[in-house]
Amino acid sequence: MPRIALKVEYHGKPFAGWQRQKDQLSVQGVIEAALAKLEPGPHTIAAAGRTDTGVHGLGQVAHCDLQKDWDPFRLSEALNYHLKPHPVAIVDAARVADDWHARFSAVERQYLFRILMRRAPATHDAGQVWQVSQQLDVGAMQRGADYLLGNHDFTTFRSTICQAASPVKTLDELRVERVMGVSGPEIHFHVRARSFLHNQVRSFVGTLERVGAGSWSPEDVRDALEARDRAACGPVCPGHGLYLARVGYPEPVFSNTA
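An account of the accompanying structure is given in this report.

1. Details of the pairing of strand β8 (residues 168-181)
Pairing geometry for strand β7 (residues 150-153) and β8, over four bridges, is antiparallel. Within β8, the position partnered with His152 by the bridge is Lys169. Relative to strand β9 (residues 184-193), β8 runs antiparallel, the two being bridged by ten bridges. In the strand pairing of β9, Arg178 is matched with Ile187. Here β8 folds back onto β9 in antiparallel fashion, the turn holding two residues.

Shown next as structure tokens:
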């Protein structure tokens, strides 16, 4: 059974997350349904990460096992035809080893979070950014973010329903930058680690937004981390500003990506 890796892009708005769910639309579900149009099912695909309701994918990676020895490009084209009209696209595909796994072979995951700073309602970016009405202090947010880098017990920034065996993770990057987007000034958070706890990135961003707004000091982030208490976390920001941007592997998987 040939194993094929898929690079997947999707708009999270209509979906109840990545994971297949009974009676709810999911990204996994629509891809598996498209696969069933090409080969008799059932099909079960595995992904590098399970994004929540409303969260977007720019570089999600999944794999599937098929009966036919598909050319990866022809498979991606066929899947994209059957994925219509859902906002999901297979942007690349590649043959991989039989023991390669989209989740367990990954060595890092990178997320992007976007905040749009303007008072007028977002139109073109609606559902793709978290909108706030005030300007945020990027420098203060970065100073707060720096306390989170490295290996820590992230209980404060972990959902109460998180199923991870341990709250200890190593955060490799949490970079905050101001950019000019098409709809106005934005704050971008670039977050990178081998793996994440449930709601960890959204907890980081919601807390750091409070720093940028002046309600928290950067040192308050350090104190929240050291508290190891979920109640010490700032607000958890909405999912629609979050993107799974890239998944890294020991060796390149796709021809047009590193």
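2. Points about the environment of His101
Turning to its location among the elements, His101 is positioned in the loop between β4 (88-96) and β5 (108-117). Taking the C-alpha atoms as reference, His101 lies 20 Å from Val30; in sequence the two are 71 residues apart. If we skip the residues at most four places from it in the chain, His101 touches Ala46, His63, Ala106 and Tyr249. In terms of polar contacts, His101 uses its side chain to reach the backbone amide nitrogen of Arg103, at 3.0 Å.

3. Quick look at unusual backbone geometry
With an omega of 5 degrees, the peptide bond running from Lys84 to Pro85 counts as cis. Relative to the helices and strands, Pro85 resides in the loop between α2 (72-83) and β4. Even without a glycine there, the phi angle at Asn199 is positive, about 65 degrees. Mapped onto the fold, Asn199 is located in the loop between β9 and α4 (200-212).

4. Here we look at the side chain of Arg3
Here Arg3 shows up in strand β1 (residues 3-10). In this structure the side chain of Arg3 is engaged in a polar contact, spanning 2.7 Å, whose partner is the backbone oxygen of Trp100. Contacts of Arg3, omitting those with residues within four sequence positions, involve His63, Cys64, Asp65, Ala94, Arg95, Val96, Ala97, Asp98, Asp99 and Trp100.

5. Examining the packing of aromatic side chains
Evaluated as defined, the whole model comprises seven aromatic pairs. Judged by centre distance (6.0 Å) and plane angle (45 degrees), the rings of Tyr10 and Trp18 are tilted. Both residues of the pair, Tyr10 and Trp18, count as buried. Judged by centre distance (6.3 Å) and plane angle (85 degrees), the ring pair of Phe113 and Trp130 falls under edge-to-face. Pair noted here: Phe113 is in strand β5 and Trp130 is in strand β6 (residues 130-132), with a separation of 17 residues, a long-range link. Looking at Phe113, the relative accessible area reads 0%, which means it is buried. Using a relative accessible area of 17% as the deciding quantity, one classes Trp130 as buried. An aromatic cluster is defined as three or more aromatic residues linked by ring pairs; in this entry it consists of Phe113, Trp130 and Phe189. Lying over the aromatic face of Trp70, Lys68 brings its terminal NZ or CZ to 4.3 Å of the ring centre.

6. Concerning α2
For α2, with twelve residues, the first-to-last C-alpha span of 16 Å sits near the 16 Å given by 1.5 Å per residue. Looking only at α2, the buried set comprises Pro72, Leu75, Ser76, Ala78, Leu79 and Leu83. The arc enclosing the buried residues of α2, seen along the axis, measures out at 165 degrees, which places them on a common side. The outward face of α2, more than 90 degrees from its buried face, is lined by the exposed residues Phe73, Arg74 and Tyr81.

7. Observations concerning helix α3 (residues 138-146)
Turning to α3, its buried residues number three or more, namely Val138, Ala140, Met141, Gln142, Gly144 and Ala145. On its buried side, α3 packs onto β8, β9, α4 and α5 (218-227).

8. What to know about the pattern of salt bridges
All told, the structure shown has 14 salt bridges when counted by the stated rule. In this structure, Arg202 and Asp52 form a salt bridge, with 3.7 Å as the shortest nitrogen-oxygen distance. Of this pair, Arg202 sits in helix α4 while Asp52 sits in the loop between β2 (46-47) and β3 (56-65), and the two are 150 residues apart along the sequence. Across the pair Arg114 and Glu186 runs a salt bridge whose closest N-O atoms are separated by 2.8 Å. Of this pair, Arg114 sits in strand β5 while Glu186 sits in strand β9; the two residues are 72 residues apart in sequence, bridging distant segments of the chain. Across the pair, Glu186 and Arg114 agree in class, each one buried. If you follow the salt bridges from partner to partner, you end up with Glu108, Glu173, Arg175, Glu177, Arg192 and Arg246 in one network.

Calculation rules
Residues numbered from 1 in each chain as written. Predicted model: local features only at pLDDT ≥ 70, side-chain atom pairs only at ≥ 80, totals over all residues. Heavy atoms only, no water. Pairing = 2+ DSSP bridges. Helix = DSSP H or I, 4+ residues; strand = E, 2+ residues; numbered from the N terminus. Contact = heavy atoms within 4.5 Å. Polar contact = N/O pair within 3.5 Å; in protein donor to acceptor, adjacent residues only side chain to side chain. Phe/Tyr/Trp six-rings, centres within 6.5 Å; stacked < 30°, edge-to-face > 60°. Buried < 20%, exposed > 50% of the residue type's maximum accessible area, 1.4 Å probe, protein only. Lys NZ or Arg CZ within 6 Å of the ring centre and 35° of its normal. Expected span 1.5 Å × (residues − 1). Arc of directions from axis to C-beta. Salt bridge = Lys/Arg side-chain N within 4 Å of Asp/Glu carboxyl O.

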